[in-house]
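Below are the chains, spelled out letter by letter.
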Amino acid sequence: MIRKILASVILVTVLGSFAALGVYSAFSKTTQNDNNRIAAGTVDLSDNDANAALYSVVPANGAKPGDFDEHCIKVTYTGTLPANVKMYRGAITGLGSYVNLKIYKGTGNAFDCTGFSDTNGGTPIYDNTLGGFGTTFGGGLALTNAGGSATWAQNDAVTYKIRGTLMDDNLAQGGDTGLHSFFWEAQNT
């Protein structure tokens, strides 16, 4: 009986070996697909302000109502992807509600606004308080390119005149905005 079982195990092993050889002797063929690639586009934004303040109203004895300062900044988009561009500000201290911020859209190259030409008929694209100006891309001021499109293309450039004016309000006495920044940000569409 043990011999019969042993003979059966040997027979199954031998037959299994031949079956395995049959599996490995099948025909096969491969093909390939070459030249696959992904090349990312770019989003690139620059300005010509050389890190100078767009306004600074800090006379020796302090500013009085109506005192202002203004400068121009040329923003240029050189990315390869179409993008939306927005402007927003950084953190300020208490005086933000008493500073009128005006932003004009135009052309020109000079930081001192020499040769600035308003392309919006003299109407500011923003005319409200500094405190009310957006602080994130989502809440920022949407900017259009020179042709009026919200989508900027490679080499679009626009010059903005930024004016900060101390408002005539008694509550502004002794206040300060603190040093703060403006940001121009592009995000591809």
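Relevant structure appears above.
Quick caveat: nothing in here was measured; it's all calculated off a predicted structure.

Student: Residues and numbers for the overall build of the protein, please.
Tutor: When you go through the protein residue by residue, the secondary structure sums to one helix and ten strands. Starting at the N terminus, the α and β elements of the protein follow one another as α-β-β-β-β-β-β-β-β-β-β. Out of the 189 residues in the protein, the part that is buried amounts to 31%. Taking all contacts inside the protein whose residues are at least 6 apart in sequence as the whole, residues at least 24 apart take part in 80%. For the protein, the accessible area works out to roughly 12200 Å², and carbon and sulfur atoms hold 54% of it.

Student: So, unusual backbone geometry: which residues are in play, and what are the values?
Tutor: For Cys113, which is not a glycine, the phi torsion comes out positive at approximately 70 degrees. For Cys113, the location among the structural elements is in the loop between β4 (99-107) and β5 (117-118). Positive phi is not limited to glycine here, since Asn155 has a value of about 75 degrees. Along the chain, Asn155 falls in the loop between β8 (151-152) and β9 (156-166).

Student: Go over the nonpolar core, please, and point to the residues and values.
Tutor: Core analysis: the largest hydrophobic core is formed by 27 residues, its most contacted members being Leu101, Ile103, Tyr160, Ile162, Phe182 and Trp184. Within the residue set of this core, elements represented by two or more residues are β2 (68-77), β3 (83-89), β4, β7 (141-143), β9 and β10 (182-188). The element that contributes the greatest number of residues to this core is β9, accounting for four residues.

Student: Kindly report on the pattern of salt bridges, identifying the contributing residues and their values.
Tutor: According to the stated counting rule, one finds two salt bridges in the structure shown. In this structure, Lys64 engages Asp67 in a salt bridge whose closest nitrogen and oxygen atoms are separated by 3.1 Å. The class of Lys64 is exposed, set by a relative accessible area of 53%. When the shortest N-O distance is used, the salt bridge between Arg163 and Glu70 registers 2.7 Å. Here Arg163 is found in strand β9, whereas its partner Glu70 is found in strand β2, with 93 residues between them in sequence.

Student: Before we move on, could you go through the state of the cysteines and cite the residues and values that matter?
Tutor: Under the criterion given, the structure shown has one disulfide. Between Cys72 and Cys113 runs a disulfide, and the two sulfur atoms are separated by 2.1 Å. Across the S-S bond of Cys72 and Cys113 the torsion is about 110 degrees, and the bridge reads as right-handed. You can see Cys72 sitting in strand β2 and its partner Cys113 sitting in the loop between β4 and β5, a full 41 residues away along the chain. With respect to burial, Cys72 and Cys113 carry one shared label: buried.

Student: So, the packing of aromatic side chains: which residues are in play, and what are the values?
Tutor: On inspection of all chains with the given rule, the structure shows four aromatic pairs. Ring centres of Tyr126 and Phe133 lie 4.7 Å apart, and the angle between their planes is 80 degrees; this geometry places the pair in the edge-to-face category. A connected cluster of aromatic rings, assembled from ring pairs, spans Tyr55, Tyr126, Phe133 and Phe182. Lying across the ring of Phe137, Lys86 places its NZ or CZ 4.9 Å from the centre. It is Lys161 that lies over the ring of Tyr104; its NZ or CZ is 5.6 Å from the centre.

Each value, and the rule that gives it
- Residues numbered from 1 in each chain as written.
- Predicted model: local features only at pLDDT ≥ 70, side-chain atom pairs only at ≥ 80, totals over all residues.
- Heavy atoms only, no water.
- Helix = DSSP H or I, 4+ residues; strand = E, 2+ residues; numbered from the N terminus.
- Buried < 20%, exposed > 50% of the residue type's maximum accessible area, 1.4 Å probe, protein only.
- Contact = heavy atoms within 4.5 Å.
- Areas by Shrake-Rupley, 256 points an atom, 1.4 Å probe, with all protein chains shown as cover.
- Core = buried A, V, L, I, M, F, W, Y, C linked by side-chain atoms within 4.5 Å.
- Salt bridge = Lys/Arg side-chain N within 4 Å of Asp/Glu carboxyl O.
- Disulfide = S-S within 2.5 Å.
- Phe/Tyr/Trp six-rings, centres within 6.5 Å; stacked < 30°, edge-to-face > 60°.
- Lys NZ or Arg CZ within 6 Å of the ring centre and 35° of its normal.

Remember that the coordinates give geometry; whether it matters functionally is a separate question.
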